[in-house]
Amino acid sequence: MSSLLNVFSRLSVRSTGISFLVDNARAISTTPILLAEPLKKKKKLDPAIIRQRDERKRKKLEKQIRRLEKNSRQLKPIDELEVPLELLDEKSARTRVLPKLSEEVQEQRVLLQKKWAHYKLEERVADFQIIDRVLQSQKKALEELRKESEDLYQEAIQPDLKLTPISFTGPVNTPPIKGYVSPDGDYIDISKKWE
Amino acid sequence: MLRVLSRRLYSTATAEKWDLYAGVLVERLPVISKTLSPVEKEFQDQLWKIEYENSLKSDHEMQHEKDVRQAQLLKKGEVEVDLDEISSQQTAQDKKDAYIEEHKSFEFAPRITTDDKADNVKSTNRKLEDILYLIVEQKLGTDSHMLLPQGKREDGESLRQTAERVLKTACGDQLKPTFYGNAPVGFYKYKYPSKARKESVGAKVFFFRSSVQGSEGHEIKEGVKFEWQDKMGLEKKLSGGYSDSVQKFLF
């Protein structure tokens, strides 16, 4: 604004030399915008209403929390994994007081453990050998079959879809008693239901 | 293309003609668990001991201890107790005796059956711990042998179908084993004696595995000579190369 004024003022100086316009530049002025307003009077609220409002807010929050809790997937407790309280309480009473194992017994136990590990190893190796032998036998049978007839071979390697589902029972500790009538009784399912 | 190629490759390999046979291995699966070996027994005992040592006392033991304490106090006369109440209460020892009595009165079926004692090889109710294998009398040429049921393949049959048919004709309808898939598990070939040879040089037998469960209800057709043998018995009954081939796919 002021540079514009300068230009104007120079123009006037150059063109005429009469100086009546020079002072006129001061005649342009701006007024600041007045945004102030009188202060509002603070409303005095009834404390009862405030309390009510707060309560409403709290209730709303509580409701939201409840809704969240309801929607969160409830896990059913695993009774077997929880140590019964009475065991915790009576632990000292229930602990067995046994004489300390003699070194001999401990030695013996370690030796047996080692013997067992070796026994299981041998058992496992024998198992693998059996599996190898059986697979080898089957492989040979299939190869021989293929030499005879490709069609029969193709039929033989098809999966048997009727085989599944298949179920096996046993072996059990003692054989079933022939003609055994099991004693009367009701089967009551006491397992808890969890929705 | 590949299949055609491979077919040619394999078919040219057989210049001689062989008869194709399907044989069936029928297993009677174990009914009862194996008796523990000495090592297993010893280790089992040790595990039980360790488990006992690490365990806490049970409710039953706690009650027993309480009963003993009560009895001692009574003896000393320190506690006044109503005698009627005491006599009506059941102590842990009483309960234990009752349990033992009940257990004793129940008779379990014996693990060794009468057929075991009589060595009745026609019965599946023996050697319950082991797998039993079925062998039947088969005529090969002029001689009869105890073999796994076997028979010649007819045109249009797959080997699996042959196996099922063969078993049915050899043993009847009552024996209904589960076949383990379409693929043979074993192979054996033998040449016919030169006198008996006509078109074919010999027979190629493809064995299929199948099993039955339970100790009873596996009737064999009447008039058939058959035996249920365990692995050792099978080795004795079968002979030579045939036995070797069969033993290869037994567990």
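Residues numbered from 1 in each chain as written. Chains lettered and ligands numbered in written order. Predicted model: local features only at pLDDT ≥ 70, side-chain atom pairs only at ≥ 80, totals over all residues.

*Asks:* Tell me what's going on with the overall build of chain A, and back it up with residues and numbers.
*Replies:* In terms of helices and strands, chain A carries six helices and zero strands. Reading the helices (α) and strands (β) of chain A from amino to carboxyl end gives α-α-α-α-α-α. Across the 195 residues in chain A, those meeting the buried criterion constitute 5%. (Helix = DSSP H or I, 4+ residues; strand = E, 2+ residues; numbered from the N terminus. Buried ≥ 20, exposed ≤ 12 C-beta atoms within 10 Å, placed from the backbone.)

*Asks:* For the overall build of chain B, give the residues involved together with the corresponding values.
*Replies:* Secondary structure summary: chain B contains nine helices and eight strands in total. When burial is assessed residue by residue, chain B has 24% of its 251 residues classed as buried. Long-range pairs, those at least 24 residues apart, make up 72% of the contacts in chain B between residues at least 6 apart in sequence. (Contact = placed C-beta atoms within 7 Å.)

*Asks:* Can you lay out the interface of chain A and chain B for me, pointing to particular residues and giving the numbers?
*Replies:* Across the contact, 42 residues belong to chain A and 40 residues belong to chain B. Broken down by secondary-structure element, the contributors of at least two residues to the side of chain A that touches chain B are α5 (103-148) and α6 (150-156) of chain A.

*Asks:* Describe the environment of Leu175 of chain B, listing the residues and the values that go with them.
*Replies:* Residue and element names in this part refer to chain B. Tracing the backbone shows Leu175 in the loop between α7 (159-171) and β5 (178-179). Leu175 gets classed as buried once you count the C-beta atoms within 10 Å, which come to 21. Expressed as a C-alpha distance, the spacing of Leu175 and Asp244, which sit 69 residues apart in the sequence, is 26 Å. Excluding residues that lie within four positions of it along the chain, Leu175 makes contacts with Leu167, His218, Glu219 and Ile220.

*Asks:* Now, about the pairing of strand β3 (residues 143-147) of chain B: what can you tell me, with residues and values included?
*Replies:* Residue and element names in this part refer to chain B. As judged from the five bridges shared by strand β2 (residues 132-140) and β3, these two strands associate in the antiparallel manner. Its bridge partner being in β3, Val136 is matched across the sheet by Leu147. With antiparallel pairing between neighbouring strands as the criterion, β2 and β3 make up a hairpin whose turn holds two residues, including Gly141 at a positive phi of roughly 65°. (Pairing = 2+ DSSP bridges.)

*Asks:* A description of the confidence of the model for chain B should follow, citing residues and the corresponding values.
*Replies:* As a note on interpretation, predicted positions should not be read in detail where pLDDT is low. All names here are of chain B. When the pLDDT values of chain B are averaged, the result is 87; 90% of them are 70 or greater. Mean pLDDT across the elements of chain B ranges from a minimum in helix α1 (residues 2-11), with 48, to a maximum in helix α2 (residues 38-54), with 96. Within the model, the stretch residues 1-9 combines pLDDT values under 50 with two contacts to residues more than four positions away or in other chains. In the predicted complex, the global pTM is 0.72; the interface-specific ipTM is 0.80. (pLDDT = per-residue confidence, 0-100.)

*Asks:* If you had to explain the pairing of strand β7 (residues 202-212) of chain B to someone new, which residues and values would you point to?
*Replies:* All names here are of chain B. In terms of strand pairing, strand β1 (residues 18-28) meets β7 through 11 bridges, oriented parallel. By the bridge assignment, Leu25 is partnered in β7 with Arg209. Two strands pair when backbone bridges link them, and β5 and β7 are joined in this way by two bridges, in the antiparallel orientation. Within β7, the residue paired with Phe179 across the bridge is Ser210. Of the strand pairs in this sheet, strand β6 (residues 186-191) and β7 are connected by six bridges, and their pairing is antiparallel.

*Asks:* A description of α7 of chain B should follow, citing residues and the corresponding values.
*Replies:* With 13 residues, α7 of chain B extends 18 Å between its outermost C-alpha atoms, agreeing within 8% with the 18 Å of an ideal straight helix rising 1.5 Å per residue. Among the residues making up α7 of chain B, those that are buried are Leu159, Arg160, Thr162, Ala163, Val166, Leu167, Ala170 and Cys171 of chain B. Summarising the axial view, the buried residues of α7 of chain B lie within an arc of 155°, below the 170-degree limit, and thus occupy one face. Against α6 of chain A together with β1, β2, β4 (150-152), β5 and β7 of chain B lie the buried residues of α7 of chain B. Following α7 of chain B by one or two positions, Gly172 of chain B has its phi on the positive side, about 90°. (Expected span 1.5 Å × (residues − 1). Arc of directions from axis to C-beta.)

*Asks:* Outline the packing of α5 of chain A against α2 of chain B, listing residues and values.
*Replies:* At a minimum axis separation of 10 Å, α5 of chain A and α2 of chain B run at an interaxial angle of 135°. Of the possible angle classes, the one that applies to α5 of chain A and α2 of chain B is oblique. Of the two elements, α5 of chain A crosses α2 of chain B, and the hand of that crossing is left-handed. The segment α5 of chain A lies against α2 of chain B, with Arg109, Leu112, Lys115, Trp116 and Tyr119 of chain A engaging Val39, Glu42, Phe43 and Gln46 of chain B. When grouped by side-chain class, the residues that make up the contact of α5 of chain A with α2 of chain B number five nonpolar, one polar and three charged. (Axes fitted to C-alpha atoms, helices over the stretch in contact; angles between N-to-C directions. Parallel < 35°, antiparallel > 145°, perpendicular 65-115°, else oblique. Left-handed = near helix turned anticlockwise from the far one by under 90°. Nonpolar A, V, L, I, M, F, W, Y, C, P; charged D, E, K, R; others polar.)

*Asks:* So what about the nonpolar core? Which residues, and what values?
*Replies:* Ranked by internal contacts, the top residues of the largest apolar core, which has 39 residues, are Ala22, Val24, Phe206 and Phe207 of chain B. Among the elements of the structure, α5 and α6 of chain A together with β1, β2, α7, β6 and β7 of chain B are those that each provide at least two residues to this core. (Core = buried A, V, L, I, M, F, W, Y, C linked by C-beta atoms within 7 Å.)

*Asks:* How would you summarise the domain arrangement of chain B if you had to cite specific residues and measurements?
*Replies:* The assigned domain composition of chain B is domain 1 (18-33 + 122-248) and domain 2 (38-105). Inter-centroid distance (C-alpha atoms) of domain 1 of chain B to domain 2 of chain B is 57 Å. (Domains from an automatic or database assignment.)

*Asks:* Tell me what's going on with helix α5 (residues 92-105) of chain B, and back it up with residues and numbers.
*Replies:* A rise of 1.5 Å per residue sets the reference length of α5 of chain B, with its 14 residues, at 20 Å; its end C-alpha atoms lie 20 Å apart and thus fit the reference within 8%. Taken across its 14 residues, α5 of chain B has zero buried, putting it largely on the surface.

*Asks:* Break down the confidence of the model for chain A for me, with residues and values.
*Replies:* All names here are of chain A. Mean pLDDT for chain A: 84, with 86% of residues reaching 70 or above. Model confidence for chain A, summarised as mean pLDDT per element, is weakest for helix α1 (residues 2-15) at 54 and strongest for α5 at 95. Scored below 50 in pLDDT, residues 15-19 makes zero contacts in the model with residues more than four places away or belonging to other chains.

*Asks:* Break down unusual backbone geometry for me, with residues and values.
*Replies:* Omega for the peptide link from Thr164 of chain A to Pro165 of chain A comes to -5°, which places this bond in the cis form. Considering the arrangement of structural elements, one finds Pro165 of chain A in the segment after α6. The backbone of Asp119 of chain B sits at a positive phi, close to 55°, despite the residue not being glycine. Tracing the sequence through the fold places Asp119 of chain B in the loop between α6 (114-118) and β2.

*Asks:* How would you sum up the environment of Gln108 of chain A? Please name residues and give values.
*Replies:* Tracing the backbone through its elements, the reader meets Gln108 of chain A in helix α5. Counting along the chain gives 75 residues from Gln108 of chain A to Ile33 of chain A, while the straight-line C-alpha distance between them is 103 Å.

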